[in-house]
Amino acid sequence: MRPTHEEITATAFLLSREWYDADRGVDIILWGRSALAPVRARFTNQESVMFVPRGAEARATRRAERPLRTMRGDPVDAIYFDSQRAMVRERDRIRAELGVTLESDVKPHERFLMERFITGAFELRGKPSERDGVLFFENPAIVTATATADAQPSLTLLAIDLETDGFDGPLLSAALATRDVGRVFVIGSGKDRGVITFVADERALLTAFFQAIREIDPDVLCGWNVVDFDLLVLEARCREHRVPFAIGRARENARVLAGTTTQQVSIARVPGRAVLDGIATLKSATHRFERFTLDHVAHELLGRGKKIASGVDPVAEIRRMHAEDVDALAAYNLEDCKLTLDIFEKADLLGFAMERARLTGLALDRQGGSVAAFDHLYLPRLHRRGFVAPDVGTDVDMIASPGGYVLDSVPGLYRDVLSFDFRSLYPSIIRTFQIDPLGLFQPGAAPIPGEDGATFAREGAILPALISTLHEARSRAISAKNEPLSRAIKIVMNSFYGVLGTPGCRFFDSRLPTSITRRGHLVIERAQAFFTERGFPVIYGDTDSLFVHFANADARTEGGSLADQGKALAAELTQTLFRELREELAVESVLELRFESHYLRYLMPTTRGTERGSKKRYAGLVQKDGALEVVVRGLEAVRTDWTPLARRVQRELLRRVFTDEPYEAWLEEIARDVVSGRLDAELVYRKRLRQKLDLYSSASAPPHVRAARMRVEEGQDEREVEYVMTTRGPEPTSERKSPIDHAHYIERQLAPVCDVVLHLLGTSFDRLAGSQRSLF
């Protein structure tokens, strides 16, 4: 390792962080990417710390009085330890005897970062040494970085993908790709050509593959199910062949912490690199797809898919290509990497992950973590106010808070329905009524009333100020057309209500979420009254949105469009709420109602089997960019547990009804085509297994589980099951032996989805196409 002998300043984006107990204290390791080079900063001899009530007996390395109090106002002391292990032992002892410790569950590296307000980037100053292209700092000065180009560098992305002989079989090939490089390592004999490098066995493949990763030296590894499959497989093969799993920077070893349950995700720790899984990152960024397979998402976003056609057994085809057509195997393997890279680029997933890390302080590759993000932002600000927080789970009352307010719907088929929504309703309520954990316990004089006896301080609230800062940043991001930042901010802001409502939050108190949701109820009720007073009936409302029927619209618009009138009414209600809340509670309202859409036609169905209006289910016809578009929410047409046929037919029926086109003869033709078998390709059910097959009861297993148990491939552990209903019950599509039960699809798929619409027209699928029943 070569010392530079000169002091430098490096601004780096945080890639990974970790801590461990060392001989003389806790060591904290930060890896980052700077414009100069990758950096590794080690901070030695750090202390683990927690807080206890003043006067409480504690055995620690040292103890200090601090000008800090609990949120109830009791003074505390900080107690320090030279190892995290020692702190945990003493924490457990104190909890058993006193029942209370404070902030003892904050990890050392998280406290190190949050107290310095470090989120996405940091600035180091020191004299580094250099090895393997990495700058190594020992105990440098560190501060948070301001928003500069150096603090938001372009990170390099490498996609990896493995092909194995079956789900648990040996490796056959391994591919990696960047925008400029593509390589495939194949086990076998032959002359290297193109992107293909032949290796003798698994051990040689691992060695060559890891060397290629080190040569490319990416900041971020990505793939499809990359942690739970590719990296887990690589780690297992490394153990078997006693090969170091050295894919980290500076040849450091990676490790995978496997999830122990179906709900618990596996975590990859690769020193100096982040790992982003395509599926998990898409879901974190709130992208929605019918299925999250690589082939399906690629077709949806890119218009192309995997090189093995759907319907072909992938395991058998991979075995065949490895034995007979290595070039085809390499092309298939490499294309999976390229598809992943193109999806990341199309959806800007890396940009989203970087913006989320910069906003929240979460690790770049952490999925979920709303509670941890809240802690990272809230705790240091709480400390600056002179208070410390309880441990998670302290004094938890399990009183449920009410959910979002859903108005009773008025079923029917309408013309001219306008939809409105309150912009970021729950964050706006938090800002308007100063709802805040510290403000709840330190309400001060003349507080703002909440719910269930809660009151909130008018000044000094932490959470409302945080949300205001995020709100302003999102407005700037929208103006700058920075979609990843805008999306990340929206997700973070909307997560705060959910965090306050979960017992996994250290600030959980049922009065906090209740004060938010009940204010939401009052706001929706006031909005409903506002429209009703003006002669516009509200036919449905849900949490933050309203659907208003503008009957006799032509007579009411007075020369302007309905959209113009909707915008004017939204602005009027916004001002009305501002005025009323200032007069009643002396608060500054930031509640904002926005006009959203003009539905030329709108359908609010009944709950199946009743005349009562349904909830969270509707459809409408809007004009968008000069074309008519059917919008569907909650109905079967957008639910993946219904067959493609049922979804297509319901959407087309809605379109025909909304545009006054005939549909009777068309429905009869659909029924005939089902009976004849011409639509068999659209009769496939797709459903995911929520747990391992052997955990399902044999006696009452649902159809998809029964079908999954019939799959031939030994060890097949795919979570998604594709099956059809046959005359002998559910059978997997790949191993179907019995005739399809077409009567099932007429009665259980077509009739229900069509009657959602036809019921409001005074007819039914049975009356229009029921003659097909005589064929069964």
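Scroll up to find the structure.
Before going into details, it helps to say that this report is about the structure given with it. Quantities reported herein were computed from a predicted structural model and do not represent experimental measurements.

Further remarks concern the pattern of salt bridges. Summed over the entire model, instances satisfying the criterion amount to 61 salt bridges. We note a salt bridge from Arg54 to Asp77, for which the minimum N-O separation is 2.8 Å. With Arg54 in the loop between strand E5 (48-53) and strand E6 (62-69) and Asp77 in strand E7 (residues 75-81), the pair connects residues that are 23 residues apart, well separated along the chain. Note that Glu335 is salt-bridged to Arg304, the shortest N-O span being 2.9 Å. Placement of the pair is Glu335 in helix H8 (residues 326-346) and Arg304 in the loop between helix H6 (294-302) and helix H7 (314-324), with a sequence separation of 31 residues. By relative accessible area, which is 30% here, Arg304 ends up partly exposed. Linked by salt bridges that have partners in common, Arg33, Asp217, Asp219, Arg249 and Arg273 make up one network.

This next bit is on the sheet that holds strand E29 (residues 685-688). The 3 strands are arranged E29-E30-E31 in an open sheet whose pairing can be described as antiparallel. Every other strand in the sheet has two partners, leaving E29 and strand E31 (729-732) as the edge strands with one partner each. With strand direction ignored, the average angle separating the axes of adjacent strands in the sheet is 40 degrees. In terms of strand pairing, E29 meets strand E30 (residues 720-726) through 4 bridges, oriented antiparallel. Across the sheet, the residue bridging to Tyr685 is Tyr723, located in E30.

Turning our eyes to something else, we now look at the environment of Ala212. Looking at the element boundaries, Ala212 is found in helix H3 (residues 202-216). Under the relative-accessibility criterion, Ala212 is labelled buried at 2%. Taking C-alpha positions, Ala212 is 8.6 Å from Arg183, a pair spaced 29 residues apart along the chain. Non-local contacts of Ala212, meaning those with residues more than four positions away in its chain, are made with Leu176, Arg183 and Phe185.

Another aspect to go through is the pairing of E6. Where E6 meets E7, 5 bridges bridge the pair, whose relative direction is antiparallel. Each bridged residue has a counterpart across the sheet, and for Arg63 the counterpart in E7 is Ile79. Counting the residues between successive antiparallel strands, the hairpin from E6 to E7 contains 5 residues, one of them, Gly73, with a positive phi of roughly 105 degrees.

Cut-offs used in this document
- Residues numbered from 1 in each chain as written.
- Predicted model: local features only at pLDDT ≥ 70, side-chain atom pairs only at ≥ 80, totals over all residues.
- Heavy atoms only, no water.
- Salt bridge = Lys/Arg side-chain N within 4 Å of Asp/Glu carboxyl O.
- Helix = DSSP H or I, 4+ residues; strand = E, 2+ residues; numbered from the N terminus.
- Buried < 20%, exposed > 50% of the residue type's maximum accessible area, 1.4 Å probe, protein only.
- Pairing = 2+ DSSP bridges.
- Axes fitted to C-alpha atoms, helices over the stretch in contact; angles between N-to-C directions.
- Contact = heavy atoms within 4.5 Å.

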